[in-house]
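Commentary on secondary and tertiary structure
So you can see what is in the structure, the chains are spelled out below.
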Amino acid sequence: MSRPEQFIDEDDSFAIDSPFDSNTATKQPDLSGSIGGRLGSGAGGSSAGPQSLTSNTLPGGYHTNTLDEPILTTIGRDFSKVGRKTIQVLYPKGRNDALQEWDLWGPLFFCLSLAIIMSFLAPDQQASAVFTGVFALVCIGSCVVTLNCKLLGGHVSFFQSVCTLGYCISPMAVASLVTLLAHRIFVTLPVVAVAVGWSISAAIGFLAGAQLANRRLLAVYPICLFYICIGWIIIIS
C-alpha cells in the first residue's frame, strides 16, 4: 500500500529571509551606552570622568589617584610620606594632624629593621629565633596595646593606632643600631634609656586624642611596658 503523497500548495509556501536582503533585515538593538556618565552622574545629572571615580577618599585618608602614574612615582611618594611621619615621631612638632593618614609600610620597615639588627647581635645558632621573637613581639604587642585602648573606650582607629605604635619604634631601631656598632654597655645603656623614653613620650602624645578621660593611666601602662620590654631585649643582647 503506497503512502499518500503530500503536496504543498503554492499559496502555502514560505520564503526564508536572507540576511543580505535589506528589506527584511531586522534592526539590531543599540548596545552602546555611557558607563562613565551613569556611574559618575550626580544629583544634577552631569557626568563625571574616570578621574572623579578613582580620586575619592581611599582607606588611610589618601586622596591621590595612582592608577595612571608610573610605579616609581608611587613608590617615591610613599617613601617621602614614611620619612615625613618618621620625622614627626623623632621631632614631634605640630602633632595635632600627625599620622592621620595611616599606613603599614613604615611600621613594617622599622619592625623588620629592629628584628634584623637584633638577629645580628644574637649568636649564630639563635639568630633566627631572635628575629622571629622580636618580630612577633612588636606585631602582637602593638595589636594588644591597641585593643586595650579600644576596650577602655578610646576613640581611635585600630590601624591608625598600630601605625602610630609602629612609627614610634624608630628610636628603638636607632638604639639597636648604635648597640650593634658600639658593643659597650656604658654607651648602650644611656642610648637605650633615651630611646625608650622618646618612644613612650611620642606614643602617648600621638594617642592623646583617644579621649580616655579617667582611664588614661590604664592605657599608658601597656604602652610603657611594651617599649620597656623592647629596650630590655636590646640591652641584654
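With respect to the overall build of the chain
Counting its regular elements, the chain contains nine helices and zero strands. Ordered by position from N to C terminus, the α and β elements of the chain give α-α-α-α-α-α-α-α-α. Entry remark: accessible area of the chain is about 15,600 Å², with carbon and sulfur atoms responsible for 65%.

Brief notes about unusual backbone geometry
Although it is not a glycine, histidine 183 adopts a positive phi angle of roughly 60°. Tracing the backbone through its elements, the reader meets histidine 183 in the loop between helix 7 (170-182) and helix 8 (185-206).

Some points on helix 3 (residues 71-90)
Because an α-helix packs 3.6 residues into every turn, residues spaced three or four apart end up facing the same way. In this model helix 3 runs 29 Å from its N-terminal to its C-terminal C-alpha over 20 residues, within 8% of the 28 Å that 1.5 Å per residue would give. Turning to helix 3, its buried residues are Thr74, Arg77, Lys81, Val82, Lys85, Thr86, Gln88 and Val89. Contact partners of the buried residues in helix 3: helix 4 (105-121), helix 6 (158-167), helix 7 and helix 8.

Focus: the nonpolar core
Formed by 35 residues in total, the largest nonpolar core has its most connected members in Leu114, Met172 and Tyr227. Broken down by secondary-structure element, the contributors of at least two residues to this core are helix 3, helix 4, helix 5 (127-151), helix 6, helix 7, helix 8 and helix 9 (216-236). In terms of residue count, the dominant contributor to this core is helix 8 (eight residues). The contacts of leucine 114, once residues within four sequence positions are left out, are Val134, Val138, Ile169, Met172, Ala173, Ser176, Ile230 and Ile234.

So, the confidence of the model for the chain
Here the chain averages 75 in pLDDT, while 66% of its residues score no lower than 70. This model gives residues 31-56 a pLDDT under 50, and the stretch forms 16 contacts once residues within four places in sequence are excluded.

Let's talk about the packing of aromatic side chains
Applying the stated rule across the entire model yields six aromatic pairs. Taken together, a centroid distance of 5.3 Å and an interplanar angle of 70° make the contact between phenylalanine 109 and phenylalanine 110 edge-to-face.

Section: helix 9
If you check helix 9, its first and last C-alpha atoms are 31 Å apart, about what 21 residues at 1.5 Å a residue would give, namely 30 Å. Taken residue by residue, helix 9 has Ala219, Val220, Pro222, Ile223, Phe226, Tyr227, Ile230, Gly231 and Ile234 as its buried positions. Taken down its axis, helix 9 places every buried residue within 165° of arc, on the same side. The exposed residues of helix 9 that point more than 90 degrees off its buried face are Leu217, Leu218, Tyr221, Trp232 and Ile236. Where the residues of helix 9 are buried, they touch helix 4, helix 5, helix 6, helix 7 and helix 8.

Here we look at the side chain of serine 199
Inspection of the secondary structure puts serine 199 in helix 8. What serine 199 contacts, discounting residues up to four positions off in sequence, is Cys168, Pro171, Met172 and Tyr227.

Details of the environment of phenylalanine 206
Locating phenylalanine 206 in the fold gives a position in helix 8. Between the C-alpha atoms of phenylalanine 206 and threonine 164, which are 42 residues apart in sequence, the distance is 7.1 Å.

Brief notes about the pattern of salt bridges
Across all of its chains, the model carries one salt bridge by this definition. Note that lysine 85 is salt-bridged to aspartate 103, the shortest N-O span being 2.5 Å. Here lysine 85 is found in helix 3, whereas its partner aspartate 103 is found in the loop between helix 3 and helix 4, with 18 residues between them in sequence. Residue classification places aspartate 103 among the buried residues on the basis of a relative accessible area of 7%.

Topic: the packing of helix 5 against helix 6
Between helix 5 and helix 6, whose axes approach to 9 Å, the crossing angle comes to 130°. Relative to helix 6, the element helix 5 is oriented oblique. For the pair helix 5 and helix 6, the sense of crossing is right-handed. Only Phe158, Ser161, Val162 and Leu165 of helix 6 make contact with helix 5, whose side of the interface consists of Ser142, Cys143, Val145, Thr146, Leu147 and Lys150.

Reading the values: rules and limits
Residues numbered from 1 in each chain as written. Predicted model: local features only at pLDDT ≥ 70, side-chain atom pairs only at ≥ 80, totals over all residues. Heavy atoms only, no water. Helix = DSSP H or I, 4+ residues; strand = E, 2+ residues; numbered from the N terminus. Areas by Shrake-Rupley, 256 points an atom, 1.4 Å probe, with all protein chains shown as cover. Expected span 1.5 Å × (residues − 1). Buried < 20%, exposed > 50% of the residue type's maximum accessible area, 1.4 Å probe, protein only. Contact = heavy atoms within 4.5 Å. Core = buried A, V, L, I, M, F, W, Y, C linked by side-chain atoms within 4.5 Å. pLDDT = per-residue confidence, 0-100. Phe/Tyr/Trp six-rings, centres within 6.5 Å; stacked < 30°, edge-to-face > 60°. Arc of directions from axis to C-beta. Salt bridge = Lys/Arg side-chain N within 4 Å of Asp/Glu carboxyl O. Axes fitted to C-alpha atoms, helices over the stretch in contact; angles between N-to-C directions. Parallel < 35°, antiparallel > 145°, perpendicular 65-115°, else oblique. Left-handed = near helix turned anticlockwise from the far one by under 90°.

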